[in-house]
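# Analysis of the macromolecular model
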Amino acid sequence: LNVGASTTIGNYILPDIVAEFSRGYPKAKVLLTIGNAQQIENALESGDLDVGLIEGIPHSSVLDTVAWRNDELVVVVGKSHPWVINKFVTVEMLQSAPWIMREKGSGTREVFEAAMAMGNIEFSIYLELGHTEAIKKAAEAGLGVGCLSRIAVKRELEHGWLVEIKCPLDLRRTLSIQTRKSVFKTRLLQKFLFLLNKYQDI
């Protein structure tokens, strides 16, 4: 079974689900591919994947997309950042912040950009990094401001390595399951989709 997932889902949600699936079906082989949302959609369209899980805004017209779970992004900084004093920022502060962002094609980045555009907020990217862990470390080191899934920064927030900053943006998003339209779903895929539904919270 070829499963694709965008970064937050693939690194922070799916491992436990795949482990449960493997215990239930020990003869099944699950191959997990992790990429950004655009890469997962492209691989699913081309038939390289049986199912994809993405965060952010679906773009494909040839895939079936079903809402799966709710998520939200949070603005985070290192514990020594000046914003930690008030733990809240204004639009003006968001505009002037040195943002540390994922690459183009990332669902996280797309949701962030859409929220900023909704507020007519222009911003500049100081660092563009290809992995969530790298963004977390850069923010911890005081290099700038990150905006990541709450799921991805849960541990860092609990330990105080990163601090959540409240802001006037709507950063809620939906995590989605995608499959190819009009393609026969094997018994194995059906069982995996059934398991995913157990983890649904919408």
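Note that the structure is a prediction, hence the values are computed from the model and not measured. (Residues numbered from 1 in each chain as written. Predicted model: local features only at pLDDT ≥ 70, side-chain atom pairs only at ≥ 80, totals over all residues. Heavy atoms only, no water.)

### Here's the deal with empty space enclosed by the protein
Over the atoms, a rolled probe matching the size of one water molecule traces out where space is still vacant. To be explicit about the condition: The pocket and cavity definitions rest on a 1 Å grid over protein atoms only: a 1.4 Å probe that fits but cannot leave marks a cavity, an open set with protein on both sides within 12 Å along at least five of seven lines marks a pocket, and residues lining either have an atom within 4 Å of a point. Grid points are joined across faces, edges and corners, and a volume is the space filled by probe spheres set on the points. Each helix is a run of H or I in the DSSP string that is no shorter than four residues. Each strand is a run of E no shorter than two, and both are numbered from the N terminus. When residues are grouped by polarity, Ala, Val, Leu, Ile, Met, Phe, Trp, Tyr, Cys and Pro land in nonpolar, Asp, Glu, Lys and Arg in charged, and all others, Gly among them, in polar.
This structure, assessed with the given rule, holds one cavity of 30 Å³ or more. Here the largest cavity is characterised by a volume of approximately 30 Å³. In terms of lining residues, the largest cavity is bounded by Ile-100, Met-101, Arg-102, Thr-108, Arg-109, Ile-135, Cys-147 and Leu-148. The set of elements that each furnish at least two residues to the lining of the largest cavity consists of β5 (98–101), α5 (107–118) and β7 (145–149). Taken together, the residues that form the lining of the largest cavity break down as five nonpolar, one polar and two charged.

### Remarks on helix α2 (residues 14–24)
To keep things clear, this is the line we draw: Relative accessibility decides the category of a residue: with a 1.4 Å probe and only protein chains considered, values under 20% of the type maximum give buried, values over 50% give exposed, and everything between is partly exposed. The arc in question is traced by the directions running from the helix axis to the C-beta atoms. Contact between two residues is taken to exist if any of their heavy atoms lie within 4.5 Å; hydrogens are not considered.
Of all the residues in α2, the buried ones are Leu-14, Ile-17, Val-18 and Phe-21. Angularly, the buried residues of α2 cover 95° about the axis, an arc narrow enough to put them on a single face. Residues Asp-16 and Arg-23 are exposed on α2 and point more than 90 degrees away from its buried face. On its buried side, α2 packs onto β1 (2–6), α1 (7–12), β2 (31–35), β3 (51–55), β4 (63–78) and α8 (187–198).

### Describing the packing of aromatic side chains
Note the threshold: Planes of paired rings set the category: under 30 degrees apart is stacked, over 60 is edge-to-face and the rest tilted, where pairs are Phe, Tyr or Trp rings (Trp by its six-membered ring) whose centres lie within 6.5 Å. Look at NZ for Lys and CZ for Arg. If either is within 6 Å of the ring centre and within 35 degrees of the ring normal, a charge sits over the ring.
Under the definition given, this model contains four aromatic pairs. Between the aromatic rings of Phe-21 and Tyr-25, the centroid separation amounts to 4.9 Å while the plane-to-plane angle is 40°, which identifies the pairing as tilted. Looking at Phe-21, the relative accessible area reads 2%, which means it is buried. Looking at Tyr-25, the relative accessible area reads 32%, which means it is partly exposed. On the basis of an interplanar angle of 75° and a centroid distance of 5.1 Å, the ring pair of Phe-112 and Phe-123 is categorised as edge-to-face. One end of the pair, Phe-112, is in helix α5; the other, Phe-123, is in the loop between α5 and β6 (124–128), and eleven residues separate them in sequence. Its relative accessible area of 0% is what places Phe-112 among the buried residues. The exposure class of Phe-123 is partly exposed, given its relative accessible area of 27%. Members of the aromatic cluster, each reached through a chain of ring pairs, are Phe-21, Tyr-25 and Phe-192. The ring centre of Trp-68 lies 5.4 Å from the NZ or CZ of Arg-69, which sits over that ring.

### Brief notes about the pattern of salt bridges
Once the charged atoms of two side chains with opposite charge are near each other, the side chains can pair. What counts here: Salt bridges, as used here, are contacts in which a Lys or Arg side-chain nitrogen is within 4 Å of a carboxyl oxygen on Asp or Glu.
Counted by the stated rule, this structure contains 14 salt bridges. Residue Arg-173 pairs with Asp-71 through a salt bridge whose shortest N-O separation is 2.9 Å. Here the residue Arg-173 occupies a position in strand β9 (residues 172–180), and Asp-71 occupies one in strand β4, the gap between them amounting to 102 residues. In this structure, Arg-173 and Asp-71 share a single accessibility class: buried. Connected via shared salt-bridge partners are Glu-72, Arg-150, Glu-164 and Lys-166.

### Some remarks on helix α3 (residues 37–45)
Selection criterion: Between N or O atoms, a polar contact is any pair within 3.5 Å; within protein, one atom must be a potential hydrogen donor and the other a potential acceptor, and residues adjacent in sequence are included only when both atoms are from side chains.
What α3 keeps buried is the set Ala-37, Ile-40, Glu-41, Ala-43 and Leu-44. Seen end-on, α3 carries its buried residues on one side only, within an arc spanning 165°. For α3, the secondary structure elements touched by its buried residues are β1, β2, β3, β4, α5 and β9. Capping the start of α3, Asn-36 holds a side-chain oxygen 3.1 Å from the backbone nitrogen of Gln-38, two or three residues further along.

### Comments concerning the environment of Leu-196
Its place among the elements puts Leu-196 in helix α8. Separated by 19 residues in sequence, Leu-196 and Ile-177 have C-alpha atoms that sit 8.8 Å apart. Filtering out sequence-adjacent residues up to four positions away, Leu-196 remains in contact with Leu-14, Ile-17, Leu-53, Trp-68 and Ile-177.

### Comments concerning the nonpolar core
Condition: Nine residue types can take part in a nonpolar core, namely buried Ala, Val, Leu, Ile, Met, Phe, Trp, Tyr and Cys, and a core is a set of them joined through side-chain atoms within 4.5 Å.
Core analysis: the largest hydrophobic core is formed by 22 residues, its most contacted members being Val-75, Trp-83, Leu-94, Trp-99, Cys-147, Leu-169 and Leu-171. Where this core is concerned, the elements lending two or more residues are β4, β5, α5, β7 and β8 (162–165). Counting residues per element, this core draws most heavily on α5, at four residues. Beyond its immediate sequence surroundings of up to four residues, Leu-94 is in contact with Val-89, Trp-99, Met-116, Ile-121, Phe-123, Cys-167, Pro-168 and Leu-169. One finds Val-3, Ala-5, Trp-68 and Leu-193 within the second-largest nonpolar core, a separate group that totals 20 residues.

That is the geometry; function is a separate question.
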